[in-house]
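For reference, the chains in residue letters:
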Amino acid sequence: MKIASFNINGIKARINALTDWLAGADADVVVLQEIKSVDETFPRAHFEDLGWNIETHGQKGFNGVAILSKLPLEDVIRGLPGDDGDEQSRYIEATVTGAQAVRIAGLYLPNGNPVPGPKYDYKLAWTERLRLRAQELLAAEMPVVMLGDFNIIPEARDAASPEKWREDALFLPQSRAALRRIVWQGWTDAIRARDPWSTRGPFTFWDFQGGAWNKDDGIRIDHMLLSPQAADLLEETGVDREARAGEKPSDHVPVWVRLSA
DNA sequence: ATGGTTGCAGAGCAA
């Protein structure tokens, strides 16, 4: 089972880029972030015609997540549990069953800038809620893949120019500690685990501004965390870097894991 | 150096 995550930064603007990538990726499950669309205007028929089952959790203008799957999507949860008053659409869960059942949690963690301020407070609170949900998912003792745009740079080696991010919500010590608090529950950072000694990247995001892509001034903020039962099944991971050089690209590229499931 | 670019939506915000 190949499971991917792609922050597409607008489904309407990226329908061709996403369709082209899907055609070559051979993925079974794809979580999307920043669809920037309500459920009613998501181009559902376009992807259904290509053989995808679709579950969306949209929002007008901003945010919005979705799951595409070749296999049926079961037991769908929309929204991160723990705050019924949270209006932002950043989280969706579903179960996909191949050779065995895998729980998929697709997420778009808040950016948090500017710091300090209410947006950073929301980021930290949201990450703490994610930690509580992650603990519940681990307790199920099943293969779980929690993946998406975490908007956190784990370490200095995950940025081409870490000094530029020192004061940024994506790299502040509190942000990185909040992510570690989740990872240390027992999750495997799949990209890092398959390339543990890398001193640079791999990067998953290059800003539209300042020619970041041409300078390879990237960061690693799209992550895939595997429960122990999923890590046992890990076969391969990848970062589809070439997508950033395509026609009308997103500022993120797809990341993926292949499990023997 | 307080810029720079993009998407959604149709002005200004979010990233």
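Shown above is the structure to which this text applies.
Quick summary incoming for the structure in this document. (Residues numbered from 1 in each chain as written. Chains lettered and ligands numbered in written order. Predicted model: local features only at pLDDT ≥ 70, side-chain atom pairs only at ≥ 80, totals over all residues. Heavy atoms only, no water.)

### Focus: helix H3 (residues 118-139)
(1) Moving on: Helix length check: H3, at 22 residues, gives a terminal C-alpha distance of 32 Å against a target of 32 Å (1.5 Å per residue), a fit within 8%.
(2) Moving on: The complete set of buried residues in H3 reads Tyr-120, Lys-123, Trp-126, Thr-127, Arg-129, Leu-130, Arg-133, Ala-134, Leu-137 and Leu-138.
(3) Moving on: The inward-facing, buried residues of H3 abut strand E5 (74-78), strand E6 (91-97), strand E7 (101-108), strand E8 (144-149), helix H4 (173-183) and helix H6 (228-231).
(4) Moving on: Directly beyond the C-terminal end of H3, a positive phi value near 50 degrees is found at Glu-141. (Helix = DSSP H or I, 4+ residues; strand = E, 2+ residues; numbered from the N terminus. Expected span 1.5 Å × (residues − 1). Buried < 20%, exposed > 50% of the residue type's maximum accessible area, 1.4 Å probe, protein only. Contact = heavy atoms within 4.5 Å.)

### Observations concerning the pattern of salt bridges
(1) Moving on: If you walk through the whole model with that rule in mind, you get 15 salt bridges.
(2) Moving on: In this structure, Arg-258 and Glu-236 form a salt bridge, with 3.6 Å as the shortest nitrogen-oxygen distance. Here the residue Arg-258 occupies a position in strand E12 (residues 255-259), and Glu-236 occupies one in strand E11 (residues 234-239), the gap between them amounting to 22 residues.
(3) Moving on: Using a relative accessible area of 25% as the deciding quantity, one classes Arg-258 as partly exposed. (Salt bridge = Lys/Arg side-chain N within 4 Å of Asp/Glu carboxyl O.)

### Let's talk about the sheet that holds E11
(1) Moving on: An order of E3-E4-E2-E1-E12-E11 is seen for the six strands of this open sheet, with the pairing classed as mixed. Each of the sheet's edge strands pairs with one partner strand only, and the pair in question is strand E3 (53-57) and E11. Averaged over all pairs of adjacent strands, the angle between their axes in this sheet comes to 15 degrees, without regard to strand direction.
(2) Moving on: Bridge count between strand E1 (residues 2-7) and strand E2 (residues 29-33): five bridges; the pairing is parallel. Looking at the pairing, Ser-5 lines up with Val-31 of E2. (Pairing = 2+ DSSP bridges. Axes fitted to C-alpha atoms, helices over the stretch in contact; angles between N-to-C directions.)

### Comments concerning the packing of H3 against H4
(1) Moving on: Two elements in contact, H3 and H4, have axes whose closest approach is 9 Å; the angle formed by their N-to-C orientations is 10 degrees. Regarding the angle of H3 to H4, the classification is roughly parallel. Taking contact as the criterion, the partners of Tyr-120, Lys-123, Leu-124, Thr-127, Leu-130, Arg-131 and Ala-134 in H3 are, on H4, Gln-174, Ser-175, Ala-178, Arg-181 and Ile-182.
(2) Moving on: When the residues that make up the contact of H3 with H4 are grouped by side-chain class, the tally is six nonpolar, three polar and three charged. (Parallel < 35°, antiparallel > 145°, perpendicular 65-115°, else oblique. Nonpolar A, V, L, I, M, F, W, Y, C, P; charged D, E, K, R; others polar.)

### As for the layout of surface pockets
(1) Moving on: Considered as a void within the structure, the largest pocket measures approximately 510 Å³ in volume.
(2) Moving on: Around the largest pocket, the lining is made up of 24 residues, and of these Glu-34, Tyr-108, Asn-111, Gly-112 and Asn-151 lie nearest the centre.
(3) Moving on: The element best represented in the lining of the largest pocket is H3, accounting for three residues.
(4) Moving on: Its residues assigned to classes, the lining of the largest pocket shows nine nonpolar, nine polar and six charged. (1 Å grid on protein atoms, 1.4 Å probe; cavity = no way out; pocket = protein on both sides within 12 Å on 5 of 7 lines; lining within 4 Å. Points joined across faces, edges and corners; volume = space filled by probe spheres on them.)

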